[in-house]
There are 2 protein chains.
Amino acid sequence: MIKFDFTNMLDTAVKNGIDKKDLLSSEVYSAYDLVQSNRGKGMQEWMDLPENQDQVVQDILDTAREVQSNFDYFVVLGIGGSALGSIAVFNALCHLYHNDLPKVARGNAPKFYVLDNADPERMRALFDCIDLKKTMFNCITKSGATSETMSQYLIVTNLLKQCLGEDYNKHIIATTSANKGNLIKLAREHSYKTFYIPEGVGGRFSVFSPVGLLPFAVLNIDIISLLKGASEMNKICSSRNLLTNPALMSAVIQKKAIDKGCNISVLMPYADKLKYIADWFCQLWAESIGKAVDKSGKVVNVGQTPVKSLGVTDQHSQVQLYAEGPYDKVVVFLECGFDTVYKIPEEKTEFDDVNFLCGQTLNQLMDSEMRATRYALTKANRLNYTITMPCVNAYYLGQLMQMFMLQTAYMGAIYNIDTYNQPGVEGGKNATYALFGRSGYQELAKELSVIPDEQFII
Amino acid sequence: MIKFDFTNMLDTAVKNGIDKKDLLSSEVYSAYDLVQSNRGKGMQEWMDLPENQDQVVQDILDTAREVQSNFDYFVVLGIGGSALGSIAVFNALCHLYHNDLPKVARGNAPKFYVLDNADPERMRALFDCIDLKKTMFNCITKSGATSETMSQYLIVTNLLKQCLGEDYNKHIIATTSANKGNLIKLAREHSYKTFYIPEGVGGRFSVFSPVGLLPFAVLNIDIISLLKGASEMNKICSSRNLLTNPALMSAVIQKKAIDKGCNISVLMPYADKLKYIADWFCQLWAESIGKAVDKSGKVVNVGQTPVKSLGVTDQHSQVQLYAEGPYDKVVVFLECGFDTVYKIPEEKTEFDDVNFLCGQTLNQLMDSEMRATRYALTKANRLNYTITMPCVNAYYLGQLMQMFMLQTAYMGAIYNIDTYNQPGVEGGKNATYALFGRSGYQELAKELSVIPDEQFII
């Protein structure tokens with residue numbers, strides 16, 4: 001199982017640490033009850049995804065096999081929650097240079113691209129690399145109204161039609177709401193193969209819905225093990241005992257750290273494969289917990305800024321700040337076993353400060369540097385804890401990601417906020433509509449065109 | 001020229017903003033004087049790199065041409081400051097899928113890899129992709145004692161020898177100190193082609209030394225324009241007038257923001273090409289400004305945590321937190337022109353919330369979303385400013401990166417700290433030595449082996 005070591009969060013390990021006695025409080029249990037009693041309801045449908053998808057999993061596996069037989073490129077059109085999970089799991093479980101390998105070495109999986117921005121250079125660059133005739137596009141947007149994704153969709157379908165005529169629709173799979181929005185209508189009109197995102201599954205909680213599962217299956221990732229791991233974590237984290245529930249404990253202990261001034265949380269995996277898990281977590285944590293008002297309407301402006309870091313690489317970039325800067329962060333180490341053992345040659349050089357490496361392994365180096373950095377940060381009285389995965393496979397990754405989602409759900413409940421909305425992005429969306437001259441936004445457009453009295457430009 | 005718009009940092013634009021009158025103070029001028037009077041001296045040799053490298057630039061260009069003729073792969077062995085600049089500029093100025101293109105489309109440049117971690121999976125994955133006989137390795141470490149880089153060096157040379165015998169040394173270029181450390185000795189012993197890192201140029205300030213310039217030249221990046229841009233910024237930022245010196249102003253205004261509780265600074269480029277510029281800046285800012293003591297030895301624990309974000313992608317991930325969470329950050333927008341204009345097809349759909357996009361361009365979408373997000377954050381009283389690059393080419397990138405380095409130098413001077421050291425990583429380094437059983441570290445090894453009385457593991 002994945003292990004959690006919170007020792008260095010306590011006042012027994014670091015000055016300004018947390019008193020273990022303060023962890024247990026009534027708010028913890030009401031948060032627990034709120035999350036568990038709403039499991040599978042409202043926007044908490046994501047909690048049931050590891051257990052209720054037998055039928056859709058079969059459809060996904062069949063579709064994936066067909067995609068592998070007929071296509072050399074698989075491109076996800078999606079942004080935010082429609083992209084981050086795919087990037088994270090792809091990077092964790094496929095070869096680190098997947099697209100550089102010949103098809104056989106990829107296990108017949110297509111080359112994989114995620115178009116997660118509206119960047120014109122990226123769009124052009126993609127078309128320089130793929131052969132449209134051999135490309136499957138997976139267009140992912142629950143609402144069918146995401147501007148970036150729908151722009152990509154319009155560009156891609158236009159090109160596909162020019163290139164393939166009638167048959168272009170066999171190059172698009174839509175992953176979207178079954179009932180609402182534009183994309184499902186377009187999918188029905190043009191007979192696209194379609195997968196559904198359940199209504200009660202928001203973007204950042206959708207990685208175990210077809211949003212993630214289809215790309216994973218196309219990439220030969222064992223989605224059944226992934227879901228099994230997630231389901232196992234569901235069981236573990238349904239414990240009402242704080243001391244045996246790592247998701248609840250992670251939420252509570254981060255809350256206590258925030259109360260002590262840690263408005264920053266660093267997630268620092270010690271493995272290149274886990275780098276983008278941190279990106280995925282950053283969205284989950286930032287969008288879910290960063291809220292202006294609580295459920296009673298009180299202005300609270302809560303949130304903790306997630307920072308992604310990578311060990312050992314960022315020891316040479318960020319650890320100086322973590323060790324000596326303000327006491328404003330929690331560092332979460334994420335360590336794992338490796339499939340590969342890489343030995344450094346035995347043969348000694350003439351240099352003492354190199355020789356100690358000879359005959360050891362890169363694995364020992366990674367592990368020692370993690371332990372050394374943790375020791376140094378603890379010594380410098382910096383709050384930190386460690387998550388240990390026995391190895392990086394689909395099963396443990398399923399556990400880890402479900403744990404992070406459950407932690408987020410518990411944290412939202414502790415703060416008594418709406419974990420699942422994102423009202424703070426509406427202002428920007430409306431302003432974009434106004435700048436595009438969309439009807440109904442004339443007033444805002446006028447406001448946007450006002451140049452401030454006092455400008456300050458160099 | 002690059003433009004800086006600080007309007008939304010002022011109290012005329014946002015509540016809790018900065019009073020323009022407070023920007024000018026005597027500490028600003030003493031910081032200015034300290035930096036300018038030490039130009040080219042001590043650890044400020046980096047300031048002169050844009051102007052004093054005519055000879056080495058010629059050697060680099062000649063070497064690059066030879067590498068292009070004889071090699072299909074170019075691999076950087078380096079970590080931290082030896083890697084981040086190369087990754088940033090490669091991503092900014094080469095094709096976004098450089099390695100996916102055939103050699104002709106790469107302008108005869110080799111495929112490019114940076115091994116910036118000691119990860120055993122990454123090492124193995126690299127060897128799955130390259131042909132040793134056609135690979136040039138650029139080993140970069142000033143001290144020649146960086147454990148990760150030297151481990152890679154030992155592994156690579158061992159394999160090269162097995163594969164190529166005597167001639168293996170023609171596959172290694174060493175970039176290192178001319179006088180000190182192991183790598184220069186190894187280079188002389190084995191007759192590697194060598195480039196030098198001046199003594200007064202630290203890793204995070206080394207991008208315009210051969211550390212960056214050689215890989216850039218191999219990738220067909222116009223290093224002369226890059227240096228010209230950097231030199232131009234040197235001139236601009238040598239102004240003693242705060243109102244015409246963007247580096248000094250950036251430092252001063254961030255300092256004022258930190259004083260108001262903004263312990264976080266987000267750098268948010270609106271272009272995929274600029275994504276890794278944020279990574280490079282994060283090292284520069286974190287390691288230089290995150291310090292426990294000032295020059296008088298007083299404990300200060302200063303620093304501002306840099307966060308990398310990407311527009312518009314992270315509008316769907318982080319902007320909810322930026323708009324509604326705690327008032328604890330400055331968002332720095334980095335916008336640029338694009339070489340490519342990508343039109344969204346004219347043909348209307350039946351959906352209003354998609355139709356407004358039709359006939360527009362992705363460029364307009366990127367630009368409008370940046371302006372809209374900036375408007376929304378300002379409206380929500382969040383401090384932000386904007387850096388505008390006319391386009392992303394070597395010249396403007398040179399300007400931008402030199403500006404960031406100058407800003408960092410001014411900031412360190414304002415705080416009266418040593419901008420160029422990193423004492424906070426020594427603790428971790430020593431603990432790594434101890435865990436590896438290196439002689440002289442037995443005491444520490446003993447301390448590291450102690451299991452704390454109170455463990456807290458789930």
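Residues numbered from 1 in each chain as written. Chains lettered and ligands numbered in written order. Predicted model: local features only at pLDDT ≥ 70, side-chain atom pairs only at ≥ 80, totals over all residues. Heavy atoms only, no water.

**Student:** Even after reading the chapter, I still don't get the overall build of chain A, so can you show me in this structure?
**Tutor:** Helix and strand counts for chain A come out as 16 helices and 12 strands. Computed over its C-alpha atoms, the radius of gyration of chain A comes to 24 Å, within 12% of the 23 Å expected for a compact globule of 458 residues. Seen through its C-alpha atoms, chain A measures out along the principal axes to roughly 65 × 65 × 55 Å. For chain A, buried positions account for 66% of its 458 residues. (Helix = DSSP H or I, 4+ residues; strand = E, 2+ residues; numbered from the N terminus. Rg over C-alpha atoms; globule rule 2.2 N^0.38 Å. Buried < 20%, exposed > 50% of the residue type's maximum accessible area, 1.4 Å probe, protein only.)

**Student:** Any chance you could explain the interface of chain B and chain A here in plain terms?
**Tutor:** Size of an interface: often given as the accessible area lost when the parts come together. Each side of the interface is counted separately: chain B has 148 residues, and chain A has 148 residues. At the boundary of chain B with chain A, total buried surface from both sides reaches about 13,000 Å², with 62% on carbon and sulfur atoms. The largest contributions to the chain B side of the interface with chain A come from Phe436(B), Phe456(B) and Ile458(B), which together make up 8% of the buried area. Here Asp272(B) makes a salt bridge to Arg122(A), at a shortest N to O gap of 2.7 Å. Seen at the junction of chain B and chain A, the total is 57 residue pairs in polar contact (both at pLDDT 80 or more). With 12 residues, helix 13 (residues 362-379) of chain B is the largest single contributor of residues to the side of chain B that touches chain A. In the side of chain B that touches chain A, the residues fall into 74 nonpolar, 41 polar and 33 charged. (Contact = heavy atoms within 4.5 Å. Buried area = accessible area lost by both parts, 1.4 Å probe. Salt bridge = Lys/Arg side-chain N within 4 Å of Asp/Glu carboxyl O. Polar contact = N/O pair within 3.5 Å; in protein donor to acceptor, adjacent residues only side chain to side chain. Nonpolar A, V, L, I, M, F, W, Y, C, P; charged D, E, K, R; others polar.)

**Student:** Looking at this model, I keep getting lost on the relation of the copies chain B and chain A. Mind explaining?
**Tutor:** One copy of the chain maps onto the second through a rotation about an axis and a displacement along it. Once chain B has been moved 0.0 Å along the axis and rotated by 180 degrees, it coincides with chain A to within an RMSD of 0.0 Å. Classification of the inter-copy transformation places it as that of a two-fold axis. Most of the interface of chain B is mirrored in chain A: 100% of its interface residues are interface residues there too. (Least-squares fit on C-alpha atoms with pLDDT ≥ 70 in both.)

**Student:** Looking at this structure, I do not really get the packing of helix 1 (residues 26-37) of chain B against helix 14 (residues 394-415) of chain B. What am I missing?
**Tutor:** Residue and element names in this part refer to chain B. Orientation of helix 1 relative to helix 14, taken along the N-to-C sense of each, is 125 degrees, at an axis distance of 8 Å. It follows from the interaxial angle that helix 1 and helix 14 lie oblique. Here helix 1 and helix 14 pass one another in a crossing that is right-handed. Counting all contacts with helix 1, which are made through Glu-27, Ala-31, Tyr-32, Leu-34, Val-35 and Gln-36, the residues of helix 14 involved are Ala-409, Tyr-410, Ala-413 and Ile-414. Here the contact of helix 1 with helix 14 is built from residues that sort into 8 nonpolar, 1 polar and 1 charged. (Axes fitted to C-alpha atoms, helices over the stretch in contact; angles between N-to-C directions. Parallel < 35°, antiparallel > 145°, perpendicular 65-115°, else oblique. Left-handed = near helix turned anticlockwise from the far one by under 90°.)

**Student:** Help me out: how do you make sense of unusual backbone geometry in this one?
**Tutor:** Apart from glycine, the bulk of residues carry a negative phi angle, and the bulk of peptide bonds sit in the trans form. Residue and element names in this part refer to chain A. Following Gly-311, the chain continues to Val-312 via a peptide bond in cis, the omega torsion being -10 degrees. Here Val-312 lies in the loop between strand 10 (305-308) and helix 11 (319-324). Positive phi is not limited to glycine here, since Asn-220 has a value of about 70 degrees. Here Asn-220 shows up in the loop between helix 7 (210-218) and helix 8 (223-236).

**Student:** Would you take a moment to explain the packing of helix 8 (residues 223-236) of chain B against helix 14 of chain B for this structure?
**Tutor:** The axes of two packed helices give the description: the angle between them and the distance between them. All names here are of chain B. Put simply, helix 8 and helix 14 touch, their axes get as near as 6 Å, and they point 45 degrees apart. Between helix 8 and helix 14, the angle is such that the two are oblique. Every pair of crossing elements has a handedness; the one defined by helix 8 and helix 14 is right-handed. Residues Ser-225, Leu-226, Lys-228, Gly-229, Ala-230, Glu-232, Met-233 and Asn-234 of helix 8 lie in contact with helix 14, whose contacting residues are Ala-394, Tyr-395, Leu-397, Gly-398, Gln-399, Gln-402, Met-403 and Leu-406.

**Student:** For this particular structure, what's the right way to read the pairing of strand 6 (residues 193-196) of chain B?
**Tutor:** All names here are of chain B. The pairing of strand 5 (residues 172-176) with strand 6 spans 4 bridges and is parallel. Looking at the pairing, Ala-174 lines up with Thr-194 of strand 6. Following the backbone out of strand 5, through helix 6 (residues 182-190) and into the adjacent parallel strand 6, one traces a crossover that is right-handed. (Pairing = 2+ DSSP bridges. Right-handed = clockwise from strand over helix to strand, strands pointing away.)

**Student:** Which parts of the structure should I look at to understand the sheet that holds strand 5 (residues 172-176) of chain A?
**Tutor:** Residue and element names in this part refer to chain A. Taken together, 5 strands build an open sheet; the order of strands is 3-2-4-5-6 and the sheet is parallel. The open sheet is flanked by strand 3 (111-115) and strand 6 (193-196), the only strands paired with a single partner. For this sheet the average axis-to-axis angle between neighbouring strands, irrespective of direction, equals 20 degrees. The sheet contact formed by strand 2 (residues 73-77) and strand 4 (residues 135-140) spans 5 bridges and is parallel. Counterpart to Phe-74 in the pairing with strand 4 is Met-136. Contacts from helix 6 (residues 182-190) reach strand 4, strand 5 and strand 6, with the element oriented near 145 degrees to strand 5.

**Student:** Looking at this structure, how should I read the pattern of salt bridges?
**Tutor:** A side chain with one charge can pair with a side chain of the opposite charge if their charged atoms come near. Residues and elements named next belong to chain B. Applying the stated rule across the entire model yields 42 salt bridges over all chains. With its nearest N and O atoms 3.0 Å apart, the salt bridge here joins Arg-204 to Glu-287. In this pair, Arg-204 is assigned in the loop between strand 6 and helix 7 (210-218) and Glu-287 in helix 10 (residues 275-289), connecting sequence segments 83 residues apart. No difference in accessibility class separates Arg-204 from Glu-287, as the two residues are buried.

**Student:** What's the story with the packing of aromatic side chains in this structure? I'm lost.
**Tutor:** Describing an aromatic ring pair means giving the distance of the ring centres and the angle of the ring planes. Residue and element names in this part refer to chain B. Going through the model one piece at a time under the given rule, you end up with 40 aromatic pairs over all chains. An angle of 45 degrees between the planes, with centres 4.8 Å apart, marks the rings of Phe-6 and Tyr-385 as tilted. Here Phe-6 is found in the loop between strand 1 (3-5) and helix 1, whereas its partner Tyr-385 is found in strand 12 (residues 384-389), with 379 residues between them in sequence. Using a relative accessible area of 1% as the deciding quantity, one classes Tyr-385 as buried. Seen in terms of ring centroids, Tyr-153 and Tyr-192 are 6.2 Å apart; in terms of plane orientation they differ by 70 degrees. Their pairing is edge-to-face. Remark: Tyr-192 occurs in the loop between helix 6 and strand 6 and Tyr-153 occurs in helix 5 (residues 147-164); sequence separation between them is 39 residues. You'll find Tyr-153 and Tyr-192 in the same group, each marked buried. (Phe/Tyr/Trp six-rings, centres within 6.5 Å; stacked < 30°, edge-to-face > 60°.)

**Student:** Hey, could you run me through the sheet that holds strand 11 (residues 329-336) of chain A in this one?
**Tutor:** Consider a sheet: its strands pair through backbone hydrogen bonds, and that pairing is either parallel or antiparallel. All names here are of chain A. Spatial strand order, 1-12-11-7-10: 5 strands in an open sheet with mixed pairing. Two strands in the sheet have a free side with no partner beyond their single neighbour: strand 1 (3-5) and strand 10. Each strand axis lies, on average, 20 degrees off the axis of its neighbour in the sheet, ignoring direction. Two strands pair when backbone bridges link them, and strand 1 and strand 12 (residues 384-389) are joined in this way by 3 bridges, in the antiparallel orientation. Across the sheet, residue Asp-5 finds its bridge partner in strand 12, namely Thr-386. Helix 14 (residues 394-415) contacts strand 1, strand 7 (264-269), strand 11 and strand 12 of the sheet and is inclined by roughly 145 degrees relative to strand 12.

**Student:** Help me out: how do you make sense of the side chain of Ser151(A) in this one?
**Tutor:** Within the secondary structure, Ser151(A) sits in helix 5 (residues 147-164). Ser151(A) gets classed as buried once you look at its relative accessible area, which sits at 0%. For Ser151(A), the contacting residues outside a window of four places in its chain are Ile344(B), Leu357(B), Leu362(B) and Leu365(B).

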